[in-house]
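Architecture at a glance
The chain contents come next:
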Amino acid sequence: MRNVSAAAVTKRINRKLEAKNPGEFLRIKKTRGSRAQQDLGDFYLLNGQRNFIVDHHLDLDELAKQYKVLSPVERVHQKTA
């Protein structure tokens, strides 16, 4: 298995979102800070054009499967603090 960083997977998903929804500026974002992480989880979906959160508490592994951004020999490597 080849590890792919969470940042790289996020970028791959964001490119798929842009291709699927051109001009809507939908982006997967990683939360910063403990308060935001409590409210939004590790990852959330932001509509940058309208500046609002579309979805929160997203599972990066599930999104990677849904958007088919990982090959069969890749997996998401999430850093442990």
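Below or above, wherever it landed, is the structure these notes cover. (Residues numbered from 1 in each chain as written. Predicted model: local features only at pLDDT ≥ 70, side-chain atom pairs only at ≥ 80, totals over all residues. Heavy atoms only, no water.)

**Some remarks on the overall build of the protein**
- Tallying secondary structure elements over the protein gives three helices and five strands in all.
- Seen in sequence order, the protein has helices and strands lined up from the N terminus as β-α-β-α-β-β-α-β.
- At 13 Å, the protein has a C-alpha radius of gyration in line with the 12 Å of a compact globule built from 81 residues.
- For the protein, the spread of C-alpha atoms along the three principal axes comes to 40 × 30 × 15 Å. (Helix = DSSP H or I, 4+ residues; strand = E, 2+ residues; numbered from the N terminus. Rg over C-alpha atoms; globule rule 2.2 N^0.38 Å.)

**Topic: the packing of aromatic side chains**
- According to the stated counting rule, one finds zero aromatic pairs in the structure shown.
- Positioned over the ring face of F43 is K30, at 5.2 Å from the centre of the ring. (Phe/Tyr/Trp six-rings, centres within 6.5 Å; stacked < 30°, edge-to-face > 60°. Lys NZ or Arg CZ within 6 Å of the ring centre and 35° of its normal.)

**A few points about the nonpolar core**
- Grouped together as the largest cluster of nonpolar side chains are 16 residues, with contacts concentrated most on V9, I13, L17, I28 and L60.
- The set of elements that each furnish at least two residues to this core consists of helix 1 (6-20), strand 2 (26-30), strand 3 (43-47) and helix 3 (60-67).
- When residues no more than four places from it in sequence are discounted, the contact partners of V9 are V4, L60, A64, V69, L70 and V76. (Core = buried A, V, L, I, M, F, W, Y, C linked by side-chain atoms within 4.5 Å. Buried < 20%, exposed > 50% of the residue type's maximum accessible area, 1.4 Å probe, protein only. Contact = heavy atoms within 4.5 Å.)

Everything listed is a geometric property; what it means functionally is a separate question.
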